[in-house]
Amino acid sequence: MKQYELVVGLEVHVQLASRTKLFCACPTDGFGAEPNSRICPVCTAQPGSLPVLNRRAVELAYRAALALGGDLAGTSVFARKNYFYPDLPKAYQISQYDQPFCTGARLEIRVKDAAPRTIGITRIHLEEDAGKLLHEVGAIKLDGSLVDFNRAGVPLIEIVSEPQIRASDEAYAYLTALKEVVSAVGASRCDMEKGEMRCDANVSVRPAGSDKFGTRAEIKNLNSFKNVKDAIDYEFRRQVQLLESGGRVVQETRLWSAETAETRSMRSKEEAHDYRYFPDPDLVPLTADAAFVASLKSSLPELPSARRARFSAELGLSAYDAEVLTGSLALADYFEKAAAAAPKGAVKTVANLIGTEFLGKLNSEGVEIDEAPVKAEGVGGLAAMVADGTVSSKLAKDMFAKMWETGADPKTVLAQVGGGQISDDKQVRDWVRQAVAANPKAAEDLKGGKQAAIGALVGAVMKLSKGKANPGLVNKLIKEAVQS
Ligand SMILES: [Zn+2]
């Protein structure tokens, strides 16, 4: 059998996090609300109503584009995309066509241990969402359809990738990275369950080594990252089988069904000219003011990839730890706060406590970071105790669990557990003096350079301290004692 290469481009719709819709003052919080409770004459296309562009939505769109390294067009143009469907009250959608507000963006993706790859983003444009058809209400199947316009006019950006994705894993990584960047700059919350991030995949195959694209199918109804991955895998197998059996792939739109884990044909794919795009005469071209763009650029937060690099370079974290600890903006902030509350040498301990104990508790109890009973300063304080030898790493784990249970700070918990290593210089020095006096031969050997002889002395101190003396301090003081 011939070898085939997978070719995927993704079109991702992201809902901008503005309070109001793109061309009217209706709130955007209509998800789960009473149907048609977030509507007005503009978003339901009443005669005589006119759109007014939402400045905040544009600002959020620009933030996302800048964070993705895109070029903002000096002028972009809103166009009418004409089609008839009952969820579209104007019978056209206001979108952008040949003059989108952003081109030439890119996104770095990482799949497990493979080297990072950069996927080009052809364009990003602004558009309004459509309404939603209801075919059932609760458990009741309707004898017809109802329409809810709460979502009509909600601001979206569509982010169109180059067809440079070569594996379903890469598609998954692309969506993960995209969500990370767009949410980090506050452009969207990207909550897929609320439809704030939606993805269509253009999938084709071609003989390995060919530089010509095959005919593609557009896959819709992908409402989770996992669905995207599964649908691409399915579609690759389907198209290869089709070609191998002498058939050909037709250009069409296919729907993914998560229940049956397959795609099925929905309609033949429209060409752009089917939509009769033309500039919207009700809206002036959108111009990107240079000073406004410059101020947006300077207000962008540090992006996750830059933060990862900084965690590795400045704090000495391993690539793995840096990856885990930048898993979300909130987690990275939490880690930085904890690290700041600990001495420099304790950063690795902070990373370990957060990466295992803290994340473990968050996951097992389904708690959000800002609701966690252990505050970042507490983790920093606990790590400081490990660093100066007050407690062992093992005891720190038990103490963390206690802190989680009670919400108390590490000092209080240490007093409660009554344990802890003894790092009192005077006390340990005293034990060392007794140990040396009781083991003169070992002390003499150590002084003469026999490093192994220290074991007997350490053992004697541990016996005297009932195992509680800080081993680092014991070693140091024994060496001092025999040299003097
Ligand atoms: Zn409205």
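Starting afresh in each chain, residues are numbered from 1 along the sequence in its written order. Under the rules for a predicted model, residues below a pLDDT of 70 receive no local features and side-chain atom pairs below 80 are neither given nor counted, while totals for whole chains, interfaces and linings still include all residues. The side-chain quantities take in all heavy atoms of the structure and omit both hydrogens and water.

J.: Report on the domain arrangement of the protein, specifying residues and quantitative values.
T.: For every domain, the bounds stem from an assignment made automatically or drawn from a database. You can read the domains of the protein as domain 1 (4–295), domain 2 (302–417) and domain 3 (425–483). What counts as a salt bridge is simple: a side-chain nitrogen of Lys or Arg found within 4 Å of a carboxyl oxygen of Asp or Glu. At the junction of domain 1 and domain 2, the tally comes to two salt bridges. The residue Glu 180 makes a salt bridge to Arg 308 at a minimum N-O spacing of 3.7 Å. Here the residues of the side of domain 1 that touches domain 2 sort into four nonpolar, no polar and two charged. Gly falls in the polar group here, along with every residue not listed as nonpolar (Ala, Val, Leu, Ile, Met, Phe, Trp, Tyr, Cys, Pro) or charged (Asp, Glu, Lys, Arg).

J.: Lay out the packing of aromatic side chains with the relevant residues and their values.
T.: The rule is short: rings of Phe, Tyr and Trp, with Trp giving its six-membered ring, pair when the centres are within 6.5 Å, and they are stacked under 30 degrees, edge-to-face over 60, tilted in between. Throughout the structure, instances matching the rule amount to 12 aromatic pairs. With 5.7 Å between their ring centres and 80 degrees between their planes, Phe 23 and Phe 78 make a pair best called edge-to-face. Placement of Phe 23 in the loop between strand 1 (4–15) and helix 1 (55–67) and of Phe 78 in strand 4 (residues 78–82) is noted, with a sequence separation of 55 residues between them. This pair shows no difference in class: Phe 23 is buried, exactly as Phe 78 is. Taken together, Tyr 83, Tyr 97, Tyr 275 and Tyr 277 form an aromatic cluster joined through their ring pairs. Cation placement over rings: the criterion is NZ of Lys or CZ of Arg within 6 Å of the ring centroid and within 35° of the ring normal. Here the basic side chain of Lys 81 rests over the ring of Tyr 275, its NZ or CZ set 4.5 Å away from the ring centre. Per the convention used, a helix needs a DSSP run of H or I reaching at least four residues, while a strand needs a run of E reaching at least two, with both numbered from the N terminus. Only protein chains enter the accessibility calculation, which uses a 1.4 Å probe; a residue whose area is less than 20% of its type maximum is buried, one above 50% is exposed, and one in between is partly exposed.

J.: So what's going on with the side chain of Asp 321? Which residues, and what values?
T.: Checked against the element boundaries, Asp 321 lands in helix 6 (residues 319–325). At 2.7 Å, the side chain of Asp 321 and the side chain of Lys 348 are in polar contact. If sequence neighbours within four positions are ignored, Asp 321 has contacts with Lys 348, Ala 351 and Asn 352. Distance and chemistry together define a polar contact, namely a pair of N or O atoms within 3.5 Å, with one atom able to donate a hydrogen and the other to accept it when in protein, and with adjacent residues in sequence counting only for side-chain atoms on both sides. In what follows, residue pairs with any heavy atoms lying within 4.5 Å of each other are defined as contacts.

J.: Please give an account of the coordination of the zinc ion that cites residues and values.
T.: The coordination sphere of the zinc ion, as far as protein atoms go, consists of Cys 24 (SG), Cys 26 (SG), Cys 40 (SG) and Cys 43 (SG), spread over 2.3 to 2.4 Å. Counted as coordinating are nitrogen, oxygen and sulfur atoms within 2.8 Å of the metal, or 3.2 Å for Na, K and Ca, while water is not included, which may make sites look incomplete. Binding-site remark: the zinc ion is held by donors from one chain whose sequence spacing is C-x1-C-x13-C-x2-C. In this pair, Cys 24 sits in the loop between strand 1 and helix 1 while Cys 43 sits in the loop between strand 1 and helix 1, placing the two residues 19 residues apart along the sequence. Each member of the pair, Cys 24 together with Cys 43, is buried.

J.: Run through the packing of helix 2 (residues 168–184) against helix 3 (residues 225–244), naming residues and quoting values.
T.: Only the contacting stretch of a helix is used when fitting its axis, a line to C-alpha atoms as for every element, and angles between N-to-C directions run 0 to 180 degrees. It is at 8 Å that the axes of helix 2 and helix 3 come closest, and there the two elements cross at 155 degrees. With respect to helix 3, the axis of helix 2 lies roughly antiparallel. Every pair of crossing elements has a handedness; the one defined by helix 2 and helix 3 is right-handed. Of helix 3, the residues touching helix 2 (which contributes Ser 168, Asp 169, Ala 171, Tyr 172, Leu 175, Thr 176 and Lys 179) are Phe 225, Lys 226, Val 228, Lys 229, Ile 232 and Asp 233. Of the residues assigned to the contact of helix 2 with helix 3, the class counts are six nonpolar, two polar and five charged. In these notes the angle categories are as follows: under 35 degrees is roughly parallel, over 145 is roughly antiparallel, 65 to 115 is roughly perpendicular, and the rest is oblique. Handedness of a helix crossing follows the sense of rotation of the near helix relative to the far helix, less than a right angle counterclockwise being left-handed and clockwise being right-handed.

J.: Give me the pairing of strand 10 (residues 155–161): which residues, what numbers.
T.: Among the seven residues of strand 10, seven are classified as buried, and the element is accordingly described as predominantly covered. Burial along strand 10 is two-sided: the residues Pro 155, Ile 157, Ile 159 and Ser 161 and Leu 156, Glu 158 and Val 160 are all buried. DSSP calls a pair of strands paired once it identifies at least 2 bridges connecting them. As judged from the five bridges shared by strand 1 and strand 10, these two strands associate in the antiparallel manner. Note on strand 10: the bridge partner recorded for Gln 15 is Leu 156. Taken together, the seven bridges between strand 7 (residues 117–128) and strand 10 define a ladder with antiparallel strand orientation. Within the sheet, the bridge partner assigned to Ile 124 lies in strand 10 and is Ile 159.

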